[in-house]
Amino acid sequence: MDKNKGILNISISIVFKLVLLIANILVRRFLIKYIGNEINGLNSLYISVLDFLSVAELGVGSAITFCMYKPIVDGDNDKVSSLYRLFTKLYLIIGAIILVGGCAVMPALPYLAKDYQNVDANLYLTFGLMLASVVLSYTFSSKTSLINAYKNNYITTTISSGGLLLQCVLQIVVLILTGSFVWFLVCRIIAVVLQWVVTEIITKFKYKDIVRNKQQVDAETKKEVTKNVKAAFMHKIGSMLVNTADSIIISTFIGIVVLGKYSNYTTIMSAMSGVLVLCFTPLTSVIGHMCVSEDKMQVTKYLNFFHTFNFILGMVFFLGYYAVIDNLITLFFGTDLELAKSISLVITLNYFIQFMRQATLLFRDATGTFYNDRWKPIVEGLLNIGLSILFVFVFPEEYNVVGVIVATVITNIFICHIVEPHVLYKYGLQSSAKSYYIKNYIYLTLFAASLIALHFAMISSDNQWIELFANGGISLAFSIVISVFVILCNKDFRYYMKGILRRFTKRKKEPPINND
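Residues numbered from 1 in each chain as written. Predicted model: local features only at pLDDT ≥ 70, side-chain atom pairs only at ≥ 80, totals over all residues. Heavy atoms only, no water.

**Some thoughts on the environment of Phe414**
Just so we agree on the cut-off: Each helix corresponds to a stretch of at least 4 residues labelled H or I by DSSP, and each strand to a stretch of at least 2 residues labelled E; elements are numbered beginning at the N terminus. Note on classification: 1.4 Å probe, protein chains only; a residue is buried when its accessible area is under 20% of the maximum for its type, exposed when over 50%, partly exposed between these limits.
Note that Phe414 resides in helix H18 (residues 400-428). Take Phe414: its relative accessible area is 58%, and that puts it in the exposed class. Sequence spacing of Phe414 and Glu380 is 34 residues, and the spatial spacing of their C-alpha atoms is 9.2 Å.

What follows is the structure, given as structure tokens:
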């Protein structure tokens, strides 16, 4: 495995994600301060609706990079070029589908945004601006996938993150100077156009032979690509239905004011999860190359290592999130925007359960086994939507948001955590997933027990800062004790960690090369 490229991809991704975490919190703070929580809720609804429409793209990126791994390893530039041309056409078609879908959704916006009459904004104009920014991103998506397929995720991360940082700066300036939601959304379009220009320049300079080559994809390859794209599309549709439907259901049945408060919690959670996921996703192309060249036993050992690493990261950060989130909401956004503690508890549990799939998803995308469980997401998505709507009415009014999230927890535990490991082990690793299941459900139980124990161990104080640091310290103590226990019980994890530390220490001790 190309460890140097993997470490570079992860390092760049994490640095930018942390900076963007701070920038996004500042943008949301200014949005609430200068325009109001209602507009904040409306903005969250738009994002959820467009994520829903982006189902046309779901899975294409994974399928594209997977299809390119083997020809890149083999040095077959003609095939890489033909795939690139095919994917360029695919992305343009996807952009057109999302544009048409967005226009079709516009008449339904007043029904999706409950209590929208209290918002001083033109629903159709503002949604149209956000739709335009999303559609424009597909004009250069094939070039982004090409760069990632060559294991250069750090380049695309730098471009996208730089564009998003510029967007955040422009949005804060616009909010302060104009207080206009329209110009706030125009900033998104400006940022996307700049990312497009930079991506075009770098691709033509770094991969000009691939871009200029006019090879056409052969019938057999086209058939294989179509199969993978369809499978990946079906596989990831469940993730979209699960995560996006929650916000739309809350907006439709409960209201955009509650969605605005809920989105403050999930924005911080999503930003934190996004940073943690970057310990995995930038390695997809690196592990994809490894899967082509190494035996299944070695690949399985790496999966086991990443699974335990997945758990340790989750213990530290998700327990920490629950311990300090209410204080952060008060400090960042105001005292009247907190949700009930029961909601923050189920948000934490839900996101941890989803996060614990990262190791499996990383190796699934790298091995291309998303075809074999292509029907799973359809069941997952439909069950989640059905349960979410049911629980809105079944749960007491003060707990209906909890009901929506509980539906997501149920679908993740009883569908995703069962089907995905089975398919990966059976078709990608050609072995039994029994040991994985045992360890995985032990990890989930440990976290749930730790979360409940933390809830009763936390202290309250009139000083927000004292409460934040005290509860943060308590959560850290909990996570360290559990993580040390897991490491002591996991011989293979200790072995790989020692190997990584030895390589790191060796590099630090190596004297610099004298070129004189």
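The discussion continues.
**Observations regarding the packing of helix H12 (residues 256-277) against helix H15 (residues 341-355)**
Rule in force here: Orientation is described by lines fitted to C-alpha atoms, with helices fitted over the stretch in contact, and by angles between N-to-C directions that extend from 0 to 180 degrees. Orientation is classified from the angle alone, with under 35 degrees giving roughly parallel, over 145 giving roughly antiparallel, 65 to 115 giving roughly perpendicular, and any other angle giving oblique. Should the near helix be turned counterclockwise from the far one by less than a right angle, the crossing is left-handed, whereas a clockwise turn marks it as right-handed. Any pair of residues with heavy atoms lying within 4.5 Å of one another is described as a contacting pair. Note on residue classes: Ala, Val, Leu, Ile, Met, Phe, Trp, Tyr, Cys and Pro are nonpolar, Asp, Glu, Lys and Arg are charged, and everything else, Gly too, is polar.
Running from N to C, H12 and H15 cross one another at 25 degrees; their axes reach a closest spacing of 11 Å. Taken together, the axes of H12 and H15 lie roughly parallel to each other. Seen along the crossing, H12 lies across H15 with a hand that is right-handed. Judged by residue contacts, Tyr262, Tyr265, Thr266, Met269, Ser270, Ser273, Leu276 and Val277 of H12 engage Ser344, Ile347, Thr348, Tyr351 and Phe355 from H15. Residues belonging to the contact of H12 with H15 are distributed by class as follows: 8 nonpolar, 5 polar and no charged.

**With respect to the nonpolar core**
Put simply, the rule is: Residue types Ala, Val, Leu, Ile, Met, Phe, Trp, Tyr and Cys, when buried and joined through side-chain atoms within 4.5 Å, form a set referred to as a nonpolar core.
Residues Leu42, Phe311, Phe318 and Ile347 are the most contacted members of the largest nonpolar core, which totals 108 residues. Here the element with the most residues in this core is helix H14 (residues 296-333); it accounts for 19 residues. Met68, Ile72, Tyr84 and Ala149 belong to the second largest nonpolar core, which has 19 residues in total.

**Brief notes about the pattern of salt bridges**
Keep this limit in mind: Within this document, salt bridges are pairs made up of a side-chain nitrogen of Lys or Arg and a carboxyl oxygen of Asp or Glu, the two lying within 4 Å of each other.
Applying the stated criterion to the full structure yields 3 salt bridges. One salt bridge in this structure joins Asp326 and Lys341, with 2.8 Å as the shortest N-O distance. With Asp326 in helix H14 and Lys341 in helix H15, the pair connects residues that are 15 residues apart, well separated along the chain. Given a relative accessible area of 11%, Asp326 falls into the buried group.

**Considerations on the packing of aromatic side chains**
What counts, and what does not: For Phe, Tyr and Trp, rings pair up if their centres lie within 6.5 Å, where Trp contributes its six-membered ring, and each pair is then called stacked (planes under 30 degrees apart), edge-to-face (over 60) or tilted (otherwise). Two conditions define a charge sitting above a ring: the NZ of Lys or the CZ of Arg must be within 6 Å of the ring centre, and it must be within 35 degrees of the ring normal.
A complete count under the given rule lists 18 aromatic pairs for this structure. Ring geometry for Phe181 and Phe184: centres 5.9 Å apart, planes at 25 degrees, overall stacked. Note that Phe181 and Phe184 are positioned in helix H9 (residues 181-206) at a spacing of 3 residues, about one turn of the helix. Its relative accessible area of 3% is what places Phe184 among the buried residues. Clustering of aromatic rings is evident, with ring pairs tying together Phe311, Phe318, Phe352, Phe355, Tyr443 and Phe447. For Lys341, the ring lying beneath its charged end belongs to Tyr322, and the centroid distance is 4.4 Å.

**Details of the state of the cysteines**
Stated formally: Throughout, disulfides are identified as pairs of cysteine sulfur atoms within 2.5 Å of each other.
Within the structure shown, the criterion is met by 0 disulfides. Looking at the unpaired Cys187, the closest cysteine sulfur is the one in Cys168, lying at 9.9 Å.

**Considering H18**
Keep this limit in mind: In a helix, the anticipated span is given by 1.5 Å times the number of residues less one. Two axes are fitted around each residue, one to the seven residues ending there and one to the seven starting there, and the angle between them is reported as the bend at that residue.
Its 29 residues give H18 an end-to-end C-alpha distance of 40 Å, which sits within 8% of 42 Å, the value for a rise of 1.5 Å per residue. The axis of H18 is deflected most strongly, by about 35 degrees, at Asn412. Just downstream of H18 lies Gln430, where phi reads positive at about 50 degrees.

**What to know about the packing of H15 against H18**
A pair of packed helices is characterised by two quantities: the angle between their axes and the separation of those axes. Taken N-terminus to C-terminus, the directions of H15 and H18 make an angle of 20 degrees; their axes are 9 Å apart at the nearest point. In terms of axis orientation, H15 runs roughly parallel to H18. Crossing hand, H15 versus H18: left-handed. When H15 is examined against H18, the residues Ser342, Ile343, Val346, Ile347, Asn350, Ile353 and Gln354 are found in contact with a partner set consisting of Val401, Val402, Ile405, Val406, Thr408, Val409, Asn412, Ile413 and His417. A per-class count over the contact of H15 with H18 returns 10 nonpolar, 6 polar and no charged.

Just geometry here; none of it tells us what the structure is for.
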